[in-house]
Amino acid sequence: MKKIISLSCALVLIVSCTKQPYYEIPRDANGNVILTGISSTTTTGISTLDGSFSVTATFATAKVGDVMGVELLQLQIPPTGGTTKQLLPMAGTQKTATVGSDMKATVTYTRAESLLTKATDYVTVIFNGATDYAKVKVDMVPATSVSGPKVSGKEVDVARTLETAYFNVTVIPKEAAYAGTLSAKRKNGKNAAWVNVTGSPFSGVQPFLVPISGTDFVAGKDTMYYSFTSLSGSYTDEILTTIIVRDPYFYLKKTAMLTLGGSSAGRNLLINAAVAENAATANIAVSGSLILKGGSAWLAAGKTIQFVPTTIAIYDANNSTNTIAAFNAGVASITADPIAGVGVYIFKIVGGPAVTDVYYGMMKISTVLPGVSVTFEYRIGDQYAHLSVIK
């Protein structure tokens with residue numbers, strides 16, 4: 001037994017004296033241990049107006065001076081055949097990149113090398129070395145973006161009116177700021193000829209503001225096709241969009257409540273805010289009863305609101321041209337009884353001398369609590385110019 005114990009002790013001593021293959025722990029300049037993580041990548045990206053893209057990999061376990069093999073992968077039919085595409089290496093895209101002192105390696109590919117030709121095309125970039133690995137998907141994206149028609153920052157449905165809305169068009173390549181122009185064309189109908197939009201080509205400060213008006217549409221033709229084209233060297237980016245015009249309408253729909261007495265007996269219909277009956281902005285109010293009328297201070301300032309009863313069909317149709325015609329054909333009153341008739345009224349607010357100070361709208365009474373409150377839904381804003389005021 002003593003021999004066995006002695007032999008075991010000897011083995012322990014031999015093992016303890018054997019040099020172990022410890023791996024060097026990475027440390028910073030101050031001797032602190034550097035905790036490694038997962039490799040990451042960044043890319044400049046590529047747009048339809050760019051000629052190349054770069055990818056930088058930041059490695060977690062590689063060493064300075066390591067040479068990484070880099071290649072591109074793309075969906076392809078396998079060499080063995082079949083009909084299902086697989087993500088496979090692209091011939092002729094093999095490169096190398098050396099890990100620098102910052103633990104980064106960068107590679108650049110042209111759009112010709114990567115076979116990227118249009119938006120939605122993509123490649124996968126692979127970095128592969130003895131001690132580390134990284135990958136990233138690079139999508140080709142449109143350089144040009146187009147908003148819907150806007151007025152005062154709000155997108156609108158284009159109506160058959162004289163007013164003008166604007167597409168907001170931006171051209172933003174990845175490689176450098178865009179210094180070219182934007183060509184805009186339109187055609188009213190699929191088989192019509194393309195014509196230049198007024199002001200085309202556009203240049204200068206972005207977004208480029210491309211006008212669209214209801215009067216651009218021929219009677220009986222509701223669809224307009226637009227083409228927006230930007231150029232950079234030999235590259236072209238074209239965005240197509242379609243706009244369908246509609247009959248003039250009230251742009252906003254809201255709900256409101258008037259309560260007898262206190263701070264919510266009036267309403268500023270332009271911003272849908274509860275105010276007192278005697279507030280200068282109370283263009284509708286109740287006082288003493290639930291009969292609707294202008295607020296006392298509003299009326300005293302020479303401003304007015306008038307009402308004409310109408311039908312639920314007119315309200316639901318939301319056609320501002322027909323609604324204004326019905327108001328002008330009716331008998332206007334300075335008050336409206338919320339429980340009379342079907343409880344639907346056209347109103348006209350005159351808040352000043354300018355044409356844009358005149359607001360037509362409609363209201364539909366929802367509930368009436370006798371002696372307490374009246375709740376209604378209303379539509380307002382029959383001019384693009386109102387959209388900078390009404391909220």
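As a reminder, the structure under discussion sits directly above these lines.
In this report, we go over the structure that sits alongside the text.

In terms of regular secondary structure, the protein chain is built from five helices and 26 strands. Judged by the C-alpha coordinates and their principal axes, the protein chain covers about 120 × 70 × 45 Å. Counting the 391 residues in the protein chain, one finds 40% classified as buried. Partitioning the intrachain contacts of the protein chain with sequence separation of at least 6 by distance along the chain shows that 58% fall at a separation of at least 24. Summed over all atoms, the accessible surface of the protein chain reaches about 20700 Å², with 59% contributed by carbon and sulfur. Seen as two clouds, the 31 positive and the 25 negative side-chain charges of the protein chain have centres 5 Å apart.

The next point concerns the packing of aromatic side chains. Per the counting criterion, the structure on display carries ten aromatic pairs. Centroid distance F307 to Y345: 6.3 Å. Interplanar angle 80°. Geometry classified as edge-to-face. One end of the pair, F307, is in strand β23 (residues 304-309); the other, Y345, is in strand β24 (residues 344-350), with 38 residues separating them in the sequence. Owing to a relative accessible area of 1%, F307 belongs among the buried residues under this scheme. Taking the relative accessible area as the measure of exposure, Y345 reaches 7% and is therefore buried.

How each quantity is defined
Residues numbered from 1 in each chain as written. Predicted model: local features only at pLDDT ≥ 70, side-chain atom pairs only at ≥ 80, totals over all residues. Heavy atoms only, no water. Helix = DSSP H or I, 4+ residues; strand = E, 2+ residues; numbered from the N terminus. Buried < 20%, exposed > 50% of the residue type's maximum accessible area, 1.4 Å probe, protein only. Contact = heavy atoms within 4.5 Å. Areas by Shrake-Rupley, 256 points an atom, 1.4 Å probe, with all protein chains shown as cover. Lys, Arg positive; Asp, Glu negative; His and termini not counted. Charge placed at Lys NZ, Arg CZ, Asp CG, Glu CD. Phe/Tyr/Trp six-rings, centres within 6.5 Å; stacked < 30°, edge-to-face > 60°.

Just distances and angles here, no functional claims.
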